[in-house]
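Structural overview
Chain residues, written in single-letter form:
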Amino acid sequence: MGNADYECPHRVEIPPSKPFFKALKSSLKETFFPDDPFRQFKNQPTSRKLVLGLQHFVPILEWAPSYTFDFFKSDLIAGITIASLAVPQGISYANLANLPPIIGLYSSFVPPLVYAMLGSSKDLAVGTVAVASLLISSMLGKVVSPTENPKLYVQLALTSTFFAGAFQASLGFLRLGSVVDFLSHATIVGFMGGAATVVCLQQLKGVLGLIHFTHETDVVSVMKSIFSQMHEWRWESAVLGCCFLFFLLLTRYFSKRKPAFFWINAMMPLCSLILGSLLVFLTHAENHGVQVIGHLKKGLNPPSMSELAFGSPYLSTAIKTGIITGVIGLAEGVAVGRSFASLKNYHIDGNKEMIAFGMMNIAGSCTSCYLTAGPFSRTAVNFNAGCKTAVSNIVMATAVMIALLFLTPLFHYTPLVVLSAIIMAAMLGLIDYEAMIHLWKVDKVDCMVCLSAYFGVVFGSVEIGLVIAVTVSLLRVLLFVARPRTFILGNIPNSSIYRSIDQYPVANNIPGVLILQIDAPIYFANANYLRERISRWIYEEEDKIKSSGETSLHYVILDIGTVGSIDTSGITMLEEVQKNVDSKGLKLVIANPRSEVIKKLEKSKFIEKIGREWIYLTVAEAVSACNFMLHTCKPNPREIDTNRQDGNV
């Protein structure tokens, strides 16, 4: 190959430097405003900007003017349908949280109204959620007994709801939604499954008619509490509970087989509530071991701002409970909202959702409500019922308001065992074993994260399971950052494409040239590892060449096209690799550097040390240059610079 055969490579440009504050502004915009929410305000008069600003923070002002009667008919049907689910779920989940049942009804009145004004999802149905209820029960129950000091317990629950809302709203206003991203899909699947298992086991208290029960949530304590009280089991309550549970599971199975009859599954909890109450009333089962709700006072939510226990000695527990339940509520609500939004091909703003969730929980804490979110079951019913907008939440809240004003005395004879059956039927649907099997097939590490969350909740506590899952997820991220993958690249036959030899066994090695690809940003956390790994690749390649009698190694090409950024430790690592390569009589070549990387390499004088002529736009050009030098046997590798355009990078 002569000089005439050598094709001049393209020049690698160094991007012009930007003023510090301009670069900082650009970086902050990319970090916190990737969706560019201010683009709609450009070139608009002040009055229009004010209107757009109000519509941005209060989305109902944006879609309400175009709301039609046809939309209202659909939302009316959907709202009444989810109201039939909201009443029994509200009472059941309040019972799970060891709160008065009426608070569960209160929580389905005010928060949905707030969300309808501030939320960006058309399908999300707001209400209490089982996992948050369990968290409140387990965390607050450790410091205050709900039976011995019920007033203080309720105050702490309202206070934790306030802090949950404040935390959620803060994340939204500061656009820090990435905090929720630390709860991966695998974490949520395992955590929800574990919580559902614990909830189901705890409901055996209601099914068996037990009065005294453990406050612990781990499976060992729960089972010990159940079997240590076998002499107190009530067969009347057990038979009633098993019958209603079978009834609920049967209707859910039928609704899944026949999606058009989804409303049957949606109506069954309310029907069970009514049927159970009638059965107890007619048979006086409350006198035979079947526990009932008892008196529920009529009227709308009383104000509770004065009940917030900011001066309580247990304030730190309330804050911790609020933050943890707030994160869980956000993770579930945003995930559910995005899932159903994708089915209707529209987008929801995660930061708006956080603000909406935060404001509705702050408002709820001041109106005798405990934590609310966007439960999957209620949202699925809302979606299947044909809702068009968030007005369905307003209709649901109106129906609950009517129940609070006129119907609460009818719940006096509602048996607790029916509430337990409703909770168990709902929780069994959260144990997603199919998702766990899928995770095992696709990603074993994700499956381990899922199982660690599940077993942490089941055998430890809800908090332990959450901490274990998040810790394992973070360790996985740190492992990927600290131990990035490196590959040997080869040439795909009859092309100028270079790919991993492991992925493409047909790819050919280039005689005398070792091509390595680094598959991650280079930081202080992985710099030492990469230096040692590159050295090992070189040792192994030299040993392989010696044993096979092939052409000796002359060039090491580093493909850093996937290296998005580099810090000073990474640059130092490259300098040390260059010295190591030079000491072996080899030449280091850089290919495909990214904008930020080449800029820092130029400022650190690394380009001058390696030689501008040894930085190439593509791996193919770098290989061509190395082959040119090998075949022309030039004594000074810098002579190749005469073949490059302008002799500059």
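All values derive from a computational prediction rather than experimental measurement.

A few points about the overall build of the protein chain
Counting its secondary structure elements, the protein chain contains 26 helices and six strands. Expressed as a percentage of its 649 residues, the buried residues of the protein chain come to 52%. Residue pairs in contact within the protein chain that sit at least 24 positions apart in sequence constitute 80% of those at least 6 positions apart. As displayed, the protein chain offers around 30200 Å² of accessible surface, 63% of which is attributable to carbon and sulfur atoms. Computed over 53 positive and 47 negative side-chain charges, the inter-centroid distance for the protein chain is 5 Å.

Some points on the domain arrangement of the protein chain
According to the domain assignment, the protein chain consists of domain 1 (60-476) and domain 2 (483-633). The distance between the C-alpha centroids of domain 1 and domain 2 comes to 55 Å.

With respect to empty space enclosed by the protein
Going through the model one piece at a time under the given rule, you end up with two cavities of 30 Å³ or more. Put simply, the largest cavity is a space of about 40 Å³. If you go around the largest cavity, the residues you meet are His56, Phe57, Pro59, Leu118, Lys352 and Ile355. The set of elements that each furnish at least two residues to the lining of the largest cavity consists of α2 (46-57) and α15 (350-365). In terms of residue class, the lining of the largest cavity is made up of four nonpolar, one polar and one charged.

Points about the packing of helix α20 (residues 444-459) against helix α21 (residues 462-482)
Two elements in contact, α20 and α21, have axes whose closest approach is 6 Å; the angle formed by their N-to-C orientations is 160°. On the basis of the axis angle, α20 is roughly antiparallel to α21. For α20 against α21, the interelement crossing comes out right-handed. Listed contacts from α21 to Val445, Asp446, Val449, Ser452, Ala453, Gly456 and Val457 of α20 are Val462, Ile464, Gly465, Ile468, Ala469, Val472, Ser473 and Arg476. Of the residues in the contact of α20 with α21, the class split is nine nonpolar, four polar and two charged.

Side note on helix α12 (residues 235-257)
Because each turn of an α-helix spans 3.6 residues, side chains separated by three or four positions in sequence point in the same direction. Over its 23 residues, α12 extends 33 Å from the first C-alpha to the last, a length consistent with the 33 Å expected when each residue adds 1.5 Å. For α12, the set of buried residues is Ser237, Ala238, Leu240, Gly241, Phe244, Leu245, Leu248, Thr251, Arg252 and Ser255.

Looking at the nonpolar core
Of all hydrophobic cores here, the largest spans 93 residues; its most connected members are Ile91, Leu99, Leu135, Phe191, Leu273, Tyr370 and Met427. It is helix α18 (residues 416-428) that provides the largest number of residues to this core, a total of 10 residues. Beyond its immediate sequence surroundings of up to four residues, Tyr370 is in contact with Tyr93, Ala94, Ala97, Leu99, Ile103, Gly104, Ser107, Thr128, Ser133, Ile136, Thr161 and Asn361.

A closer look at the pairing of strand β5 (residues 587-591)
With five of its five residues buried, β5 lies for the most part within the structure. A two-sided burial pattern is seen for β5, the buried positions comprising Lys587, Val589 and Ala591 on one face and Leu588 and Ile590 on the other. Where the polypeptide runs from strand β4 (residues 555-559) across helix α23 (residues 568-583) and back to β5, its parallel neighbour, the crossover connection is right-handed. Looking at chain direction, β5 and strand β6 (residues 615-616) are connected through two bridges and run parallel.

Some words on the layout of surface pockets
Size it by volume and the largest pocket reaches roughly 1400 Å³. Lining the largest pocket are 42 residues, with Phe376, Ser377, Ala380, Gly429 and Leu430 positioned closest to its centre. When residues of the lining of the largest pocket are assigned to their parent elements, the largest contribution, six residues, is made by helix α14 (residues 315-343). Partitioned by chemical class, the residues of the lining of the largest pocket number 29 nonpolar, eight polar and five charged.

Some details on unusual backbone geometry
Of note in this structure, Ser368 is not a glycine but carries a positive phi near 65°. When you line up the elements, Ser368 lands in the loop between α15 and α16 (376-384). Exposure remark for Ser368: the relative accessible area of 10% places this residue in the buried category.

Some points on helix α4 (residues 69-96)
Here α4 is 28 residues long and its end C-alpha atoms lie 39 Å apart, about the 40 Å a rise of 1.5 Å per residue gives. In the structure, α4 departs most strongly from a straight axis at Ala86, where the bend amounts to approximately 25° and where the proline Pro88 lies between one and four residues downstream. Of the residues one or two after α4, Asn98 is the one with positive phi, at around 60°.

Quick notes on the packing of α14 against α16
How two helices sit against one another is set out by the angle between their axes and by the gap between those axes. Close contact between α14 and α16 brings their axes to 10 Å; oriented N to C, the two are set at 20°. By the angle between their axes, α14 is roughly parallel relative to α16. Between α14 and α16 lies a crossing whose hand is right-handed. Where α14 abuts α16, its residues Glu332, Val336, Phe340 and Leu343 lie against Phe376, Thr379, Ala380 and Phe383.

Focus on the sheet that holds β5
Across the sheet, which stays open at both edges, the six strands sit in the order β2-β1-β3-β4-β5-β6 with mixed pairing between neighbours. Of all strands in the sheet, those with a lone pairing partner are β2 (498-500) and β6, marking the two edges. Note that strand β1 (residues 486-491) and strand β3 (residues 513-518) share three bridges and pair antiparallel. Residue pairing in the sheet places Phe487 in a bridge with Gln517 of β3. Along the sheet, helix α26 (residues 619-632) makes contact with β2, β3, β4, β5 and β6, crossing β4 at roughly 170°.

Observations concerning a nonpolar patch on the surface
Together, Leu300, Ile402, Leu405, Phe406, Leu407 and Leu410 give the surface a local cluster of nonpolar side chains, amounting to about 540 Å² of exposed area. Position of Leu410 among the secondary structure elements: in the loop between α17 (391-407) and α18. According to the relative accessible area criterion, Leu410 is exposed, its value standing at 58%.

Describing the state of the cysteines
Enumeration over the complete set of coordinates arrives at zero disulfides. The thiol of Cys200 is not disulfide-bonded; the next cysteine sulfur, from Cys242, is found 13 Å away. Not part of a disulfide, Cys447 finds its nearest cysteine sulfur in Cys450, a span of 6.0 Å. Residue Cys447 is classed as buried on the basis of its relative accessible area, which comes to 4%.

Comments concerning the environment of Leu282
With respect to the helices and strands, Leu282 occurs in helix α13 (residues 262-283). For the pair formed by Leu282 and Tyr413, sequence separation is 131 residues and the distance between their alpha carbons is 9.9 Å.

Structural notes on the pattern of salt bridges
In total, this model carries eight salt bridges according to the counting rule given. Asp70 serves as the salt-bridge partner of Lys73, at 3.5 Å between the closest nitrogen and oxygen. Remark: Asp70 and Lys73 occur in helix α4; sequence separation between them is three residues, near one turn of the helix. The exposure class of Lys73 is partly exposed, given its relative accessible area of 41%. For Arg476, the salt bridge is made with Asp443, and the minimal N-O distance between the two is 2.5 Å. Here Arg476 is found in helix α21, whereas its partner Asp443 is found in the loop between α19 (433-442) and α20, with 33 residues between them in sequence. Assessed through its relative accessible area of 17%, Arg476 is described here as buried. Connected through salt bridges with shared partners, the residues Asp443, Asp446 and Arg476 form a single ionic network.

The rules behind each value
- Numbering of residues begins from 1 in every chain and follows the order in which that chain's sequence is written.
- Under the rules for a predicted model, residues below a pLDDT of 70 receive no local features and side-chain atom pairs below 80 are neither given nor counted, while totals for whole chains, interfaces and linings still include all residues.
- Hydrogens and water are ignored here; the side-chain numbers use all heavy atoms of the structure.
- Comment: elements are numbered from the N terminus, with helices defined as DSSP H or I runs of at least four residues and strands as E runs of at least two.
- Burial classes: relative accessible area under 20% of the type maximum marks a residue as buried, over 50% as exposed, and values in between as partly exposed (1.4 Å probe, protein chains only).
- Note on contacts: a residue pair qualifies if any of its non-hydrogen atoms lie within 4.5 Å across the two residues.
- Computed by Shrake-Rupley with a 1.4 Å probe, the accessible areas treat only the displayed protein chains as cover when residues are assessed.
- All tallies of charge rest on Lys and Arg as positive and Asp and Glu as negative; His and the ends of each chain are not included.
- A charge is said to be at NZ when it belongs to Lys, at CZ for Arg, at CG for Asp and at CD for Glu.
- What marks off one domain from the next here is an automatic or database domain assignment.
- Both cavities and pockets are sets of points on a 1 Å grid over the protein atoms alone; in a cavity a 1.4 Å probe fits but cannot get out, in a pocket the set is open with protein on both sides within 12 Å along at least five of seven lines, and lining residues sit with an atom within 4 Å of a point.
- Grid points are joined across faces, edges and corners, and a volume is the space filled by probe spheres set on the points.
- Residues are sorted three ways: Asp, Glu, Lys and Arg are charged, Ala, Val, Leu, Ile, Met, Phe, Trp, Tyr, Cys and Pro are nonpolar, and all the rest, Gly among them, are polar.
- Each axis is a line fitted through C-alpha atoms, and for a helix only the stretch in contact is used; angles between axes span 0 to 180 degrees, taken between their N-to-C directions.
- Note on angle classes: values under 35 degrees are labelled roughly parallel, values over 145 roughly antiparallel, values of 65 to 115 roughly perpendicular, and the remainder oblique.
- Handedness of a crossing is defined here by the sense of rotation of the near helix relative to the far one, left-handed for an anticlockwise turn of less than a right angle and right-handed for a clockwise turn.
- One less than the residue count of a helix, multiplied by 1.5 Å, gives the span that helix is expected to have.
- Put simply, a nonpolar core is a bunch of buried Ala, Val, Leu, Ile, Met, Phe, Trp, Tyr and Cys residues held in one set by side-chain atoms that sit within 4.5 Å of each other.
- By convention, a crossover is right-handed whenever its connection, traced from the first strand over the helix to the second and viewed with the strands pointing away, goes clockwise.
- Between any two strands, pairing holds if DSSP finds at least two bridges.
- The angle between axes fitted to the seven residues ending at a residue and the seven residues starting there is what we call the bend at that residue.
- In this scheme, patches are assembled from residues that exceed 30% relative accessible area and form no salt bridge. Like charges are connected within 9 Å, while nonpolar side chains (Val, Leu, Ile, Met, Phe, Trp, Tyr) are connected within 5 Å.
- The rule for a salt bridge is simple: a side-chain nitrogen of Lys or Arg has to be within 4 Å of a carboxyl oxygen of Asp or Glu.
- The term disulfide is used for any two cysteine sulfur atoms that are within 2.5 Å.

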